[in-house]
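Examining the three-dimensional arrangement
Below, each chain spelled out in residue letters.
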Amino acid sequence: MPLRNLKVLDFSTLLPGPYATMMMADLGTDVLRVEATERADLLRQLPPFNADGASYNHTYLNRSKRSIGLNLKEPEAVAIVEALVKEYDIVVEQFRPGVMERFGLGYEALRAINPRLIYCSITGFGQTGPYAGRPGHDLNYLAISGVASHTGRAGQGPLPLGVAVADIAGGSLLAMTGILSAVIERQNSGLGQHIDISMTDAAFALNTFAGVSALNTKVEPGPGMMLNGGSFYDYYETADGRYFSVAGLEPKFLQLLCGVLGRPDLLSKGLSQNPADHQELREVLATTFKSQSFSYWQSVFADIEACVEPVLSVSEAAAHPQLRARGMVIELREPGGKVQRQVANPIRFSRNAHEYKFTGVELGAHTEEVLGQLGFDRNAMDTLRKKGVVG
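The following refers to the structure shown.

Conventions and cut-offs
- Residues numbered from 1 in each chain as written.
- Predicted model: local features only at pLDDT ≥ 70, side-chain atom pairs only at ≥ 80, totals over all residues.
- Heavy atoms only, no water.
- Axes fitted to C-alpha atoms, helices over the stretch in contact; angles between N-to-C directions.
- Helix = DSSP H or I, 4+ residues; strand = E, 2+ residues; numbered from the N terminus.
- Parallel < 35°, antiparallel > 145°, perpendicular 65-115°, else oblique.
- Left-handed = near helix turned anticlockwise from the far one by under 90°.
- Contact = heavy atoms within 4.5 Å.
- Nonpolar A, V, L, I, M, F, W, Y, C, P; charged D, E, K, R; others polar.
- Pairing = 2+ DSSP bridges.
- Buried < 20%, exposed > 50% of the residue type's maximum accessible area, 1.4 Å probe, protein only.
- Right-handed = clockwise from strand over helix to strand, strands pointing away.
- Salt bridge = Lys/Arg side-chain N within 4 Å of Asp/Glu carboxyl O.

In a packed pair of helices, the relevant descriptors are the angle between the two axes and the axis-to-axis distance. The N-to-C vectors of helix H1 (residues 16–26) and helix H7 (residues 165–189) enclose an angle of 45°; their axes lie 8 Å apart at closest approach. Between H1 and H7, the interaxial angle falls into the category oblique. Here H1 runs over H7; the crossing is right-handed. From H1, Pro16, Gly17, Tyr19, Ala20, Met23 and Met24 reach across to H7, where they touch Asp167, Ile168, Gly171, Ser172, Leu173, Ala175, Met176, Ile179 and Leu180. Its residues placed into classes, the contact of H1 with H7 shows 11 nonpolar, 3 polar and 1 charged.

Structure follows, in C-alpha cells:
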C-alpha cells in the first residue's frame, strides 16, 4: 500500500478529520483513534443505525481504524499518548486552539518527544486571528468566506448545499494534502512540523474565478452569474418532477443540444453575450424538458455527448454503469457478520489496490491490544480501567 509506513494518532471527531484519516487508512496507513471515554464522538449518535445499533455514518468514516479509549484529563492517559507518539509519526486533532495544550499534548510538547512528528490541527478558523477560538459549522465557513454570496439563484438568496463543502475541502482533503506534503519534506529535513488547517481558509480558496475577479475588478460575483442562473447552464424539470442538468456552454455541445431538440435556431441565443438571449433559451429549455418524462430524456441523451445528464439519487448513482465500473461501492463485514455497503476511496493507482479492513468499531475496541503493545500487563490494564483512565 502507498501509505503503509505511516502511523497516525487520530484525535478528531465528526466529519473533517475522520474523513481525511479514513482516506489514509484506505491507502494503508495505521490509524489509531484516540477517543474520549467520558464524551463519545457525536457521530456515533447520528442516525441511521445498523442492526447492532451502530451509526452507519460512524462505521463508514472510521473503517479500518483501531480505537483506544482514553480520558485525557488523567495524567496516566497523557503518559500513554506520549508513549505512543514515540512510535506514531503523525497526529491529527480537531479541538479548538489551546485544548491539546491544556492536556499537555500540544505540538511543542509532543515534538520534544518525537522531532519527526507531523502534527495537523483542523479548526473552523485556524490557530491564529480574532476568530481562532470561535465555534462554527460548514454553513458559517461558507458564509464568512464569501462562497455563499454567489451560491444560489438571483432573488432567492444563498443555497444551503447537501454536501459539507468546507468540512471536506478544508478539514479533509487539504489536511491530507498538507500531511503528505510534510511527509515528503521530512524525507529531506528529518523533521516534522505543525500543519494549521482552517476550514474557512479552505472555503475562501474555493473562490477561484470569483475570487480573482472580485479582488481585481471590484465587481462582486453573486447569484445570476454564468454558472449559477445567469445563463442556460442549469437544472430543468421533467414532466414527472425529476430533473436534468444542461451544462454544454461550449459551441460544439450547444450545437448538439439544439440539434437533438430540433431547434438549431437556438444556437445563436446560447452563444450570445446578451443575458436576454440566454433567458429566452432557458425558457425554451424549461418548456421542452417539462413536456416529456425523465425516462424519455434519459433515452434521448443516453448516447449524445452534449453535456446533458440526469439528476440521479444517491442509490441511482451507485447503480450507474460508470460508477459500478469504477468500483465506487464496496462491501465490508460488520462485527455481527452482516454486509455493509460503503462508498469506496476514489483514488486509483496502477499498481496498488485499496485496503478495506473492517467497519468502524466500538469505542476502545483495541484499548487492550494497544496497551499490551506498550508493555502493560493485565493487572496494570485493570487498574487503569478501574480508575477511569482507559475505556
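This part takes up the sheet that holds strand E3 (residues 66–70). One open sheet accounts for 6 strands, arranged E3-E2-E1-E4-E5-E8; its pairing is parallel. The sheet is open, and its two borders are formed by E3 and strand E8 (194–198), each paired with just one other strand. Within the sheet, the average angular offset between the axes of one strand and its neighbour, ignoring direction, is 20°. The pairing of strand E4 (residues 90–93) with strand E5 (residues 118–123) spans 4 bridges and is parallel.

All right, on to the sheet that holds strand E9 (residues 234–237) then. Pairing is antiparallel across the open sheet formed by 3 strands, whose spatial order is E9-E10-E11. Of all strands in the sheet, those with a lone pairing partner are E9 and strand E11 (308–310), marking the two edges. With strand direction ignored, the average angle separating the axes of adjacent strands in the sheet is 30°. The strands touched by helix H12 (residues 275–290) are E9, strand E10 (243–246) and E11; relative to E9, the strand with the most contacts, the crossing angle is about 40°. Its contacts with the sheet put helix H13 (residues 294–301) on E10 and E11, and the angle it makes with E10 is roughly 35°.

Along E4, one buried face is formed by Ile90 and Val92 and the opposite face, lined by Val91 and Glu93, is buried too. Summarising the sheet, strand E1 (residues 7–10) and E4 pair through 3 bridges and their orientation is parallel. Within the sheet, the bridge partner assigned to valine 8 lies in E4 and is isoleucine 90.

For a regular strand, side-chain orientation follows a simple rule: the groups alternate between the two sheet faces. Along strand E2 (residues 30–36), 5 of the 7 residues are buried, which leaves the element largely enclosed by surrounding structure. Strand direction decides the pairing type here: E1 and E2, joined by 4 bridges, are parallel. Residue aspartate 10 lies in a different strand from E2, and its bridge partner there is arginine 33. Handedness of the β-α-β unit built from E1, H1 and E2 comes out right-handed. Sheet topology places E2 next to E3; 5 bridges connect them, and they run parallel. Within E3, the position partnered with leucine 32 by the bridge is arginine 66.

Attention now goes to the pattern of salt bridges. Taken as a whole, this structure holds 19 salt bridges when the rule is applied. Aspartate 234 is paired through a salt bridge with arginine 153; the nearest N and O atoms lie 2.8 Å apart. Here aspartate 234, found in strand E9, pairs with arginine 153, found in strand E6 (residues 152–153); they are 81 residues apart in sequence, far enough to count as distant. Between glutamate 368 and arginine 385 there is a salt bridge; the shortest N-O distance is 3.4 Å. Pair noted here: glutamate 368 is in helix H16 (residues 367–373) and arginine 385 is in helix H17 (residues 378–386), with a separation of 17 residues, a long-range link. For glutamate 368, a relative accessible area of 34% gives the class partly exposed. One network of salt bridges, with partners in common, ties together Arg33, Glu35, Asp41 and Arg44.

Bringing unusual backbone geometry into the picture now. Leave glycine aside and you will find that most residues have negative phi; peptide bonds, for their part, are mostly trans. The omega torsion across proline 47 and proline 48 is 5°, close enough to zero to call that bond cis. Positive phi outside glycine occurs at leucine 14, with the angle close to 55°. Tracing the chain through its elements places leucine 14 in the loop between E1 and H1. On the accessibility criterion, leucine 14 (34% relative accessible area) is partly exposed. With a phi close to 65°, serine 64 is a non-glycine residue in the positive phi region. With respect to the secondary-structure elements, serine 64 resides in the loop between helix H2 (56–61) and E3. A relative accessible area of 6% places serine 64 in the buried class.

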